[in-house]
Amino acid sequence: MFQFVKQFFQTVEARTARGFLPTVRAINGFESEFEKLTREALRERSMALQARASGGESLDALLPEAFALVREIARRTLGQRHFDEQLMGGIAMAHGKIAEMKTGEGKTLAATLPAYLRGLFGSVHIVTVNDYLAQRDAVWMGQVYDALGLRVACLVHDNAFLYDPLYTSAQAAASLHVGALAQDAKRDELGSFKIVHEFLKPVGRREAYEADIVYGTNSEFGFDYLRDNLVYDKAQMVQRGFSYAIIDEVDSILIDEARTPLIISAPDEDAGKLYREFAKVAPRLRAADDYTVDEKKRAVSLTEAGIEKVNSLLGRKIYEENNLVLVHHLEESLKAHVLFQRDKHYVVKNGEIVIVDEFTGRLMHGRRYSGGLHQALEAKEGVRIQEESRTYATITIQNYFRMYPKLAGMTGTAATSSEEFHKVYRLDVVQIPTHQPMVRADSPDKVFGNEQGKFTALVKEIKARHESGQPVLVGTISIEKNEYLSKLLDREGIPHHVLNAKNHEQEAAIIAQAGARGAVTVATNMAGRGVDILLGGNPYHETGAQEVKALGGLHVIGTERHEARRIDNQLRGRSGRQGDPGSSQFYVSLDDDLMRVFGSEKLKPYFERLGIPADEPIEHRFVTQALDAAQTKVEGLYFDIRKHVLEYDDVLNRQRDAFYRERRAVLEKDGEGIQNLVREKLRAEANSLVDAAFAQDDPAGFLEQALGQFGQASRKMNEQTLAAGREQTVDDVFAWLWKPVSEIGGQEKEQFWDWARAALLRVFDMYWMSHLDAMEGLRDSASLRSYGQHDPLVEYRREGHRMYRELFQQMNSHIALLVVRSALQSHGHRTA
């Protein structure tokens, strides 16, 4: 059944790509006409298209001419003409699909087509995997958009820039001793891997979002959304809504990073003493005896003996103290000690724990593990323990991008995840044919009995190919393995470049030269994604390219199979671009994480029976099947985890959407609007108080006491008043609450309602923070209910809905109390 579904999807994708051919012919029909026009005439045609878009013409009606304009301008400004296959990729993205285009097929250039077309109708966000690519592409492709009359901007951490061909940084120009024309020539030659900053004008973030096309990382867009929902003045908001987004390396962002939420937090209480205490306990516990490890679920659990040992070491029985905080700190400390390895999952840099992205090997500065794990790692490594944080706002990558009415993406590896893209994002994958036939030779995996044997054979292979002059790119899965291999190469006297998260500032320039004759480049995973590796080196030289082609092109070696097939395919894809010769092979050992956890038990007896030496590999279909099965297991496991995360987050997401709409309504109201809103809140509080009173044995006494907290002695709510019925009583209570507020007049009135707006927003934020904490606790407790034969997700939804209702009831009460007491104080009333 699975194979049938897979074939069905592939057939649909191929059919969709072929269906683009009539549109491609229509685009090509404009070429001879546009070649004769001046740049000014082409810009006038672009202005006419903008007018037609504003007039209501459909996207499909404008697409052929728009794409033809972009291709002609790109030919003149970049010296690059879109191939028909790039047009097909652009058509797919313009219609909200994922274009799977192999590495080197020109995805960056292809994205200019849908970006320009969609930019005629509204704002376009182009999402990159790092700040470097956001700046590079804004400068490199910016000249295309600018020539057609669209404004381009880019967002980076703590900064924003507008593409401006007339802007020149005086300092940079002086240091380069070049003028504008020389800078433009420099961009044309090196723009594929070097940022030419002279074209980027620093601007405010709000101005950057006013541009038609904005480049930036998912974090920058996502955090700006969260920050916009924390401001106290609408003039401080920077985004202008969601229209259309193109996500570069869409599999990396929507799948690999989907489990990582974006969180804005602030320091809470210092639990450093506890973390240091438990960091000393964790190393004294022994695996199997004191705790068990489930590497598949990345979980650690104390045994009964372990609990007793902890109690003995601490001198107290924490599990009997009914203190969940202590238990939580202990479990996180144990997890930090057992499951997280330095230079693999994190590095220590400048006295801080910095997370390493397991998929790209990059350092994720500013990101912190949640739930106390980061503090546990700080205690483990003996660095300063930062205070625990309290969450102000959070959203997952999945739910952020689902807010865009239209979403598109591009990558070289999407087909193996087409089911997830469709189910989660309603995105279909279209496989775009390559411009030239793929001739790369992918050899079967070599499997070794242990890691030492693997690396011995690996170094021999690299040395032999280096001595022949063939360039070699070696992909590792961690900084630790990267540096280990580098030491082995140094020992053999093999010159090489190391490319990992510790020196990622230079990674683009390094990877750009990985195709030069004799080059040996060792890189973590897919570091340097987005930069083409040209045979012979970059910029392109015909003689050098032909020499390397004669040697077999770029040879790619993977030192380990990754948990996802996509990542392996991305590494292979660095070779054989645009019909170039190339080759790839993976070196695997039974000690590798993937094999050790998911597959080696089937292969170890095979090695032992045959007595195969450690540095001699085996190549057999049975081995390949075992590796494929292991990867399929992991992919399925992680898909289930992401799906599970999304199901829970969907509950909070609906609450977040509704809550932020309420908050934004407060932010955008004028004084009269705030006055009307407070009136509604007071009416709601009156209803709540009267309902509570009628449920008491002494309703009059309850109301008298409840109203007394508002700041002045209330009149007696005697039996006669209550006898008039519930509705009359509500009217009476509301009138009493509203009276001091309604009496504010003169110059004081405007000031008071401005204050009230800010006060309401502070109440919103305070209660939302508490609600996020409560929902996180609910999620933890809901999972325990499965032991009582309850569905945890159903329980989470039910309880979460109840808690959200209570959130607004509590907020209404707080707002009523705050506003009434403040109004009384402004009148000089004596408070009770």
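Residues numbered from 1 in each chain as written. Predicted model: local features only at pLDDT ≥ 70, side-chain atom pairs only at ≥ 80, totals over all residues. Heavy atoms only, no water.

**A few points about the packing of aromatic side chains**
Inference 1: All chains considered together, the criterion is met by 23 aromatic pairs.
Inference 2: Ring geometry for Tyr209 and Phe221: centres 6.2 Å apart, planes at 65 degrees, overall edge-to-face. Taken together, the residues span a long stretch of sequence, with Tyr209 in helix 12 (residues 205-209) and Phe221 in helix 13 (residues 218-228) at a distance of twelve residues. The same class applies to Tyr209 and to Phe221, which are both buried.
Inference 3: Where Phe752 meets Trp755, the ring centres are 5.4 Å apart and the plane angle is 40 degrees; that geometry is what we call tilted. With Phe752 and Trp755 both in helix 33 (residues 747-784) and three residues apart, this pair spans about one turn of that helix.
Inference 4: For Phe752, a relative accessible area of 7% corresponds to the buried category. (Phe/Tyr/Trp six-rings, centres within 6.5 Å; stacked < 30°, edge-to-face > 60°. Helix = DSSP H or I, 4+ residues; strand = E, 2+ residues; numbered from the N terminus. Buried < 20%, exposed > 50% of the residue type's maximum accessible area, 1.4 Å probe, protein only.)

**Examining the sheet that holds strand 12 (residues 352-356)**
Inference 1: With antiparallel pairing, the three strands of this open sheet are ordered in space as 11-12-13. Unpaired on one side and paired on the other, strand 11 (346-349) and strand 13 (363-364) mark the two borders of the sheet.
Inference 2: When strand 12 meets strand 13, the two strands line up antiparallel, connected through two bridges. Across the sheet, the residue bridging to Val356 is Leu363, located in strand 13.
Inference 3: Sheet strands touched by helix 18 (residues 373-381): strand 11 and strand 12. Its angle to strand 12, the strand with the most contacts, is close to 120 degrees. (Pairing = 2+ DSSP bridges. Contact = heavy atoms within 4.5 Å. Axes fitted to C-alpha atoms, helices over the stretch in contact; angles between N-to-C directions.)

**With respect to the sheet that holds strand 16 (residues 429-431)**
The strands making up a sheet associate through backbone hydrogen bonding, with each pair oriented either parallel or antiparallel.
Inference 1: Read from one edge of the open sheet, nine strands run 5-4-3-6-2-7-15-1-16, paired in mixed fashion. Pairing within the sheet leaves two strands with one partner each, and these edge strands are strand 5 (200-202) and strand 16. Here the strands of the sheet are splayed against their neighbours by 25 degrees on average, with no regard to which way each runs.

**Focus: the pattern of salt bridges**
Inference 1: Counting across every chain of the model gives 49 salt bridges.
Inference 2: The salt bridge partner of Arg151 is Asp212, with a shortest N-O separation of 3.7 Å. Here Arg151 is found in the loop between helix 9 (142-147) and strand 3 (152-156), whereas its partner Asp212 is found in the loop between helix 12 and strand 6 (213-217), with 61 residues between them in sequence.
Inference 3: On the basis of relative accessible area, Arg151 is assigned to the partly exposed category, the value being 42%.
Inference 4: Across the pair Asp289 and Arg286 runs a salt bridge, and its minimum N-O distance is 3.0 Å.
Inference 5: A relative accessible area of 51% means that Arg286 is categorised as exposed. (Salt bridge = Lys/Arg side-chain N within 4 Å of Asp/Glu carboxyl O.)

**Remarks on the nonpolar core**
Inference 1: Core analysis: the largest hydrophobic core is formed by 95 residues, its most contacted members being Leu226, Leu254, Phe401, Phe421, Phe659, Leu682 and Val741.
Inference 2: Looking at which element gives the most residues to this core, the answer is helix 34 (residues 792-826), with 13 residues.
Inference 3: Within the second largest apolar cluster, 90 residues are counted, among which are Ala66, Val70, Tyr244 and Val447. (Core = buried A, V, L, I, M, F, W, Y, C linked by side-chain atoms within 4.5 Å.)

**Details of the environment of Ile246**
Inference 1: With respect to the element layout, Ile246 can be found in strand 7 (residues 244-248).
Inference 2: Of the residues examined, Ile246 reaches a relative accessible area of 0% and is grouped as buried.
Inference 3: With 132 residues separating them along the chain, Ile246 and Pro114 place their C-alpha atoms 8.5 Å apart.
Inference 4: When residues no more than four places from it in sequence are discounted, the contact partners of Ile246 are Met93, Ala111, Pro114, Ala115, His125, Ile126, Val127, Ala408 and Met410.

**Details of the pairing of strand 12**
Inference 1: For strand 12, the tally of buried residues reaches four of five residues, placing the bulk of the element in the interior.
Inference 2: Across four bridges, the pairing between strand 11 and strand 12 is antiparallel. Residue pairing across strands places Val348 opposite Ile353, the latter belonging to strand 12.
Inference 3: Once strand 11 ends, the chain turns through two residues before running back antiparallel as strand 12, passing Asn350 with a positive phi of about 55 degrees.

**Some details on helix 5 (residues 59-77)**
An α-helix turns once every 3.6 residues. As a result, residues three or four positions apart point the same way.
Inference 1: Compared with the 27 Å implied by 1.5 Å per residue over 19 residues, the 25 Å span of helix 5 between its first and last C-alpha is a close match.
Inference 2: Residue Glu65 marks the point of greatest curvature in helix 5, where the axis turns by about 30 degrees.
Inference 3: Of all the 19 residues making up helix 5, 15 are buried; the element is thus mostly covered by neighbouring parts of the structure.
Inference 4: Looking at the residues trailing helix 5, positive phi occurs at Gly79, about 75 degrees. (Expected span 1.5 Å × (residues − 1). Bend = angle between axes of the 7 residues up to and from the residue.)

**As for the confidence of the model for the protein chain**
Inference 1: Overall, the predicted model of the protein chain reaches an average pLDDT of 84, with 87% of residues at or above 70.
Inference 2: Predicted confidence is poor over residues 1-12, with pLDDT under 50, and the contacts of this stretch with residues over four places away or in other chains come to two contacts.
Inference 3: Below pLDDT 50 for its whole length, residues 170-178 participates in seven contacts with residues either more than four positions away or in separate chains. (pLDDT = per-residue confidence, 0-100.)

**Observations concerning empty space enclosed by the protein**
Inference 1: Going through the model one piece at a time under the given rule, you end up with ten cavities of 30 Å³ or more.
Inference 2: Roughly 70 Å³ of internal volume is contained in the largest cavity.
Inference 3: As for the largest cavity, its lining consists of eleven residues, of which Asn525, Glu560, Asp568, Leu571 and Phe586 are closest to the centre.
Inference 4: When residues of the lining of the largest cavity are traced back to their parent elements, those giving at least two are strand 19 (472-476) and helix 25 (565-572).
Inference 5: In terms of residues, the lining of the largest cavity owes the most to one element, helix 25, which gives three residues. (1 Å grid on protein atoms, 1.4 Å probe; cavity = no way out; pocket = protein on both sides within 12 Å on 5 of 7 lines; lining within 4 Å. Points joined across faces, edges and corners; volume = space filled by probe spheres on them.)

**Structural notes on the packing of helix 2 (residues 21-28) against helix 6 (residues 84-94)**
Inference 1: Running from N to C, helix 2 and helix 6 point in directions that differ by 115 degrees, and their axes come no closer than 10 Å. Our pair here, helix 2 against helix 6, has a crossing hand that is right-handed. Two secondary-structure elements touch here, helix 2 through Leu21, Thr23, Val24, Ile27 and Asn28 and helix 6 through Asp84, Leu87, Met88 and Ile91.
Inference 2: A class-by-class count of the residues in the contact of helix 2 with helix 6 yields six nonpolar, two polar and one charged. (Left-handed = near helix turned anticlockwise from the far one by under 90°. Nonpolar A, V, L, I, M, F, W, Y, C, P; charged D, E, K, R; others polar.)

**Considerations on the packing of helix 29 (residues 671-694) against helix 32 (residues 726-742)**
Inference 1: Axis separation between helix 29 and helix 32 bottoms out at 8 Å; the angle between their running directions is 135 degrees. Considering the angle they form, helix 29 stands oblique to helix 32. Our pair here, helix 29 against helix 32, has a crossing hand that is right-handed. Facing Gln675, Val678, Arg679, Leu682, Arg683, Glu685, Ala686, Asn687, Leu689, Val690, Asp691 and Phe694 of helix 29, the residues of helix 32 in contact are Arg726, Thr729, Val730, Asp731, Val733, Phe734, Leu737, Trp738 and Val741. (Parallel < 35°, antiparallel > 145°, perpendicular 65-115°, else oblique.)

**A look at the side chain of Glu257**
Inference 1: Relative to the helices and strands, Glu257 is located in the loop between helix 14 (250-256) and strand 8 (261-267).
Inference 2: Within the local environment of Glu257, its side chain forms a polar contact with the side chain of Asn218, the two groups lying 3.5 Å apart.
Inference 3: Once residues within four sequence positions are removed from consideration, Glu257 is found in contact with Asn218, Ser252, Asp357, Arg367 and Ile397. (Polar contact = N/O pair within 3.5 Å; in protein donor to acceptor, adjacent residues only side chain to side chain.)

**Focus on the side chain of Thr217**
Inference 1: Counting through the fold element by element, Thr217 comes out in strand 6.
Inference 2: Those residues in contact with Thr217 that lie beyond four places of it in its chain are Val127, Thr128, Val129, Asn130 and Asp131.

**Description of the pairing of strand 23 (residues 582-589)**
Inference 1: When you tally the buried positions in strand 23, you get eight out of eight residues, the bulk of the element.
Inference 2: Burial of strand 23 is two-sided: the residues Gly582, Ser584, Phe586 and Val588 facing one way and the residues Ser583, Gln585, Tyr587 and Ser589 facing the other way are all buried.
Inference 3: Across two bridges, strand 17 (residues 441-442) lies against strand 23 in parallel orientation. Directly across from Asp442, in strand 23, lies its bridge partner Ser584.
Inference 4: Bridge count for strand 18 (residues 446-448) against strand 23 is three bridges, and the pairing is parallel. Its bridge partner being in strand 23, Phe448 is matched across the sheet by Ser589.
Inference 5: As for the winding sense of the linkage, the β-α-β connection from strand 22 (residues 554-558) through helix 25 to strand 23 is right-handed. (Right-handed = clockwise from strand over helix to strand, strands pointing away.)

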